Amino acid sequence: MQQIILASTSPYRKQLLEQLQLPFNTAAPKYAEQINQELEPTLLVQHLALGKAQSLEKDYPNALIIGSDQVFVDPKGQSIGKPGCFEKAFEQLRQMVGLTHTFYTGLVLYDSRTGEVSSDVASFAVTLRPLTDGQIQDYLQREQPYDCAGSFKVEGLGIALMERMAGDDYNALIGLPLIKLVSMLDDAGVKVLGR
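Residues numbered from 1 in each chain as written. Predicted model: local features only at pLDDT ≥ 70, side-chain atom pairs only at ≥ 80, totals over all residues. Heavy atoms only, no water.

Draft legend 1. Just the overall build of the protein chain, in detail. Regarding its fold elements, the protein chain presents six helices and seven strands. Starting at the N terminus and walking to the C terminus, you meet the elements of the protein chain as β-α-β-α-β-β-α-β-β-α-β-α-α. The C-alpha radius of gyration of the protein chain comes to 17 Å, within 12% of the 16 Å expected for a compact globule of 195 residues. With respect to the three principal axes, the spread of C-alpha positions in the protein chain is 50 × 35 × 25 Å. Per-residue burial for the protein chain yields a buried fraction of 47% across its 195 residues. (Helix = DSSP H or I, 4+ residues; strand = E, 2+ residues; numbered from the N terminus. Rg over C-alpha atoms; globule rule 2.2 N^0.38 Å. Buried < 20%, exposed > 50% of the residue type's maximum accessible area, 1.4 Å probe, protein only.)

Draft legend 2. Seen up close, the layout of surface pockets. Counted as a void, the largest pocket has a volume near 340 Å³. Lining the largest pocket are 24 residues, and of these Ser10, Tyr12, Arg13, Lys82 and Asp147 lie nearest its centre. The dominant element in the lining of the largest pocket, judged by the number of residues it contributes, is helix H1 (residues 11–18), at three residues. Per-class residue counts for the lining of the largest pocket are 11 nonpolar, five polar and eight charged. (1 Å grid on protein atoms, 1.4 Å probe; cavity = no way out; pocket = protein on both sides within 12 Å on 5 of 7 lines; lining within 4 Å. Points joined across faces, edges and corners; volume = space filled by probe spheres on them. Nonpolar A, V, L, I, M, F, W, Y, C, P; charged D, E, K, R; others polar.)

Draft legend 3. Molecular detail of the environment of isoleucine 179. Following the sequence through the fold, isoleucine 179 ends up in helix H6 (residues 178–187). With 58 residues separating them along the chain, isoleucine 179 and valine 121 place their C-alpha atoms 11 Å apart. Non-local contacts of isoleucine 179, meaning those with residues more than four positions away in its chain, are made with Asp168 and Asp169. (Contact = heavy atoms within 4.5 Å.)

Draft legend 4. Inspection of unusual backbone geometry at higher detail. We note that glutamine 21 has phi near 55 degrees; this positive angle belongs to a residue other than glycine. Residue placement: glutamine 21 occurs in the loop between H1 and strand E2 (25–27). With relative accessibility at 72%, the residue glutamine 21 sits in the exposed group. Phi at serine 151 is positive, roughly 65 degrees, even though this residue is not glycine. The residue serine 151 is located in the loop between helix H4 (133–143) and strand E7 (162–167) in this model.

Draft legend 5. Layout of the nonpolar core. Grouped together as the largest cluster of nonpolar side chains are 40 residues, with contacts concentrated most on Ile66, Leu93, Val126, Phe152 and Leu181. Apart from residues no more than four positions distant in its own chain, leucine 181 is found in contact with Leu17, Leu20, Ile66, Leu107 and Leu176. Among the nonpolar cores identified, the runner-up in size contains 10 residues, and Ala7, Ala63, Ile65 and Val108 belong to it. (Core = buried A, V, L, I, M, F, W, Y, C linked by side-chain atoms within 4.5 Å.)

Draft legend 6. Here's a closer look at the UniProt feature "active site" (unreviewed entry) in the protein chain. UniProt records the feature "active site" (unreviewed entry) at Asp69, using the numbering of this structure. As for its placement among the helices and strands, aspartate 69 is situated in strand E3 (residues 63–73). The buried category is assigned to aspartate 69, whose relative accessible area is 2%. Here lysine 52 takes part through its side chain, which lies 2.9 Å from a polar atom of the side chain of aspartate 69. (UniProt positions renumbered as here; feature names shortened; annotations may be inferred. Polar contact = N/O pair within 3.5 Å; in protein donor to acceptor, adjacent residues only side chain to side chain.)

Draft legend 7. Broad picture of the UniProt feature "site: Important for substrate specificity" (unreviewed entry) in the protein chain. Those places that UniProt annotates as "site: Important for substrate specificity" (unreviewed entry) correspond, in this numbering, to Tyr12, Gln70 and Glu155. Lining the largest pocket, out of the annotated residues just given, are Tyr12, Gln70 and Glu155. Tracing the chain through its elements places tyrosine 12 in helix H1. When its relative accessible area of 15% is taken as the criterion, tyrosine 12 is described as buried. Ignoring any residue separated from it by four or fewer positions in sequence, one finds tyrosine 12 in contact with Asp147, Cys148, Lys153, Glu155 and Ile174. Setting aside residues no more than four positions away along its own chain, glutamate 155 makes contact with Tyr12 and Ile174.

Printed below as a string of structure tokens:
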């Protein structure tokens, strides 16, 4: 079986992939993420995910490399990434309150041996409930989700921000669409469950 590499330093993606109980290694992608506002969100996240996966091709010439990236789209149609700090996270959440936002997560399975690429996008919509500035500040100080697109961790205290969530795979909201990944791995000959 080919080695499986997760092209990510995200502890959230690593934790999700561990759920499949497959042997894998993680590696930091050698790819600089840039959000191009001129690309449609679905194309943008596929492009970013592919860039991450292919950046490790030389280091892992006989591997199945998983790349994933996520953005969310604000009501103006702008693609937004990770906030990086309290101030930007506060503004992101403040602008999201009471509105529905769609998160797009690109997923790529790249076979570095053959150059074959499987690619897909999962979307997930969230609506934040009415929140005061104090509630937003309290949440951010307690969970510090500055490395998360959208400025919240739905798998943690961030669930308290939600009024409604909708999508096919909640794992996509966390950063790695496992339902789609299982199908991709299966097509590549990696069976998550026995034959």
